[in-house]
Every structure is written in C-alpha cells, then in structure tokens.
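Chain by chain, the residues run as shown.
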Amino acid sequence: MTTPRPRLVLDTNVCLDLFVFRDPHAAALAQALASGRVEAVSDADCRDEWQRVLAYPQLGLDAQTQADALRAYDALVRVLADSERRPPPERALPRCADPDDQKFLELAYAADASCLLSRDHALTVLGRRNARAGLFEIMTPQAWAGVDAFRSARA
C-alpha cells in the first residue's frame, strides 16, 4: 500500500517566492513539488488571486514573466475540483486577522491538506491554535523544509 503524498496549500507570497523570484529559501519546496513528493493544491479563488497579483504594477512584471509564472504554477499546483472538497468543519476555523487570507485556511481544510505554507504573519500566528485543534499545520516554507527533512530522515 502506498502512502498518499502530503498535500500543501501555498499562499500567494509563497507562490511569488517559488514561481517569480526563485527564492533560495523556497528551494526545498520547489524540489519537493518538482519531484512529485508533495502535492500542492489550489482552488479557483486562490488561482484567480495569483493571476491578479502577477499583474500588480508594483511588481513590475512584464507580460512574458507573468505568463511564465502562471504556467509554472499551473504545472505544479493542482486546482481542486469541487467534488474533492470536504464539507465545512462543524466548528469554525480560526479567523485570520486579514480577511483576504481566510480563503487559504478554508482551502487547506477543504483539501485535507497537511500544511498551509505562508510567510504572512496574519496566517502563521494561527499555527499553534490550528495544531491544538487537530487541524493542518501552518508554517513558513523554511520551517516546512526543516520539518520535511527531519521526517524524511526518520522514514
């Protein structure tokens, strides 16, 4: 019997690190995604946000860079079908201080993700509360890489 791949949700800033800036702090995550060892999932709302953010003038990304980043995202992040979403929890999820980020919490729950990866303080501060509630983990890509390396070494 095969063990299912860990399922991850990536917030928009993590996607920028991976698919636009190629941040070395996200290299372990990029490698895990490219090798298929982990699965990243999204939904239509989060993908739409990703596409909007790519066009932000303050990022200064030309059309080709935007298209390349969207293509890289689509190659490694699977949009979850509605039929794959589990129903909302009986108890409310923790509320994010930034309402725009609540969708990532909801997606992580609906996708039965093991972890939501974010650099956003409004999300990462919810990590302990989520862990106590028996929900998915919330951590930065760097923290995830350390935990993932530890788990891989023990396997």
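In case you missed it, the structure is sitting above this.
Given the structure is predicted, the values throughout are model-derived calculations rather than measurements. (Residues numbered from 1 in each chain as written. Predicted model: local features only at pLDDT ≥ 70, side-chain atom pairs only at ≥ 80, totals over all residues. Heavy atoms only, no water.)

Q: What exactly am I supposed to notice about the pattern of salt bridges here?
A: Note that side chains of opposite charge can pair when their charged atoms are close. Counted under the stated rule, the structure contains 10 salt bridges. The salt bridge partner of aspartate 17 is arginine 119, with a shortest N-O separation of 2.6 Å. On the criterion of sequence distance, the pair formed by aspartate 17 in helix 1 (residues 12-19) and arginine 119 in the loop between strand 4 (115-117) and helix 6 (121-124) is long-range, its members being 102 residues apart. Judged by its relative accessible area of 7%, aspartate 17 falls in the buried class. For glutamate 39, the salt bridge goes to arginine 78, with nearest N and O atoms at 2.7 Å. With glutamate 39 in strand 2 (residues 39-42) and arginine 78 in strand 3 (residues 77-79), this pair connects stretches of sequence that are 39 residues apart. Accessibility expressed as a relative area gives 12% for glutamate 39, which makes it buried. Overlapping salt bridges bring together Arg5, Arg7, Glu39, Arg78 and Glu84 as one network. (Salt bridge = Lys/Arg side-chain N within 4 Å of Asp/Glu carboxyl O. Helix = DSSP H or I, 4+ residues; strand = E, 2+ residues; numbered from the N terminus. Buried < 20%, exposed > 50% of the residue type's maximum accessible area, 1.4 Å probe, protein only.)

In short, shape yes, function no, at least from these values alone.
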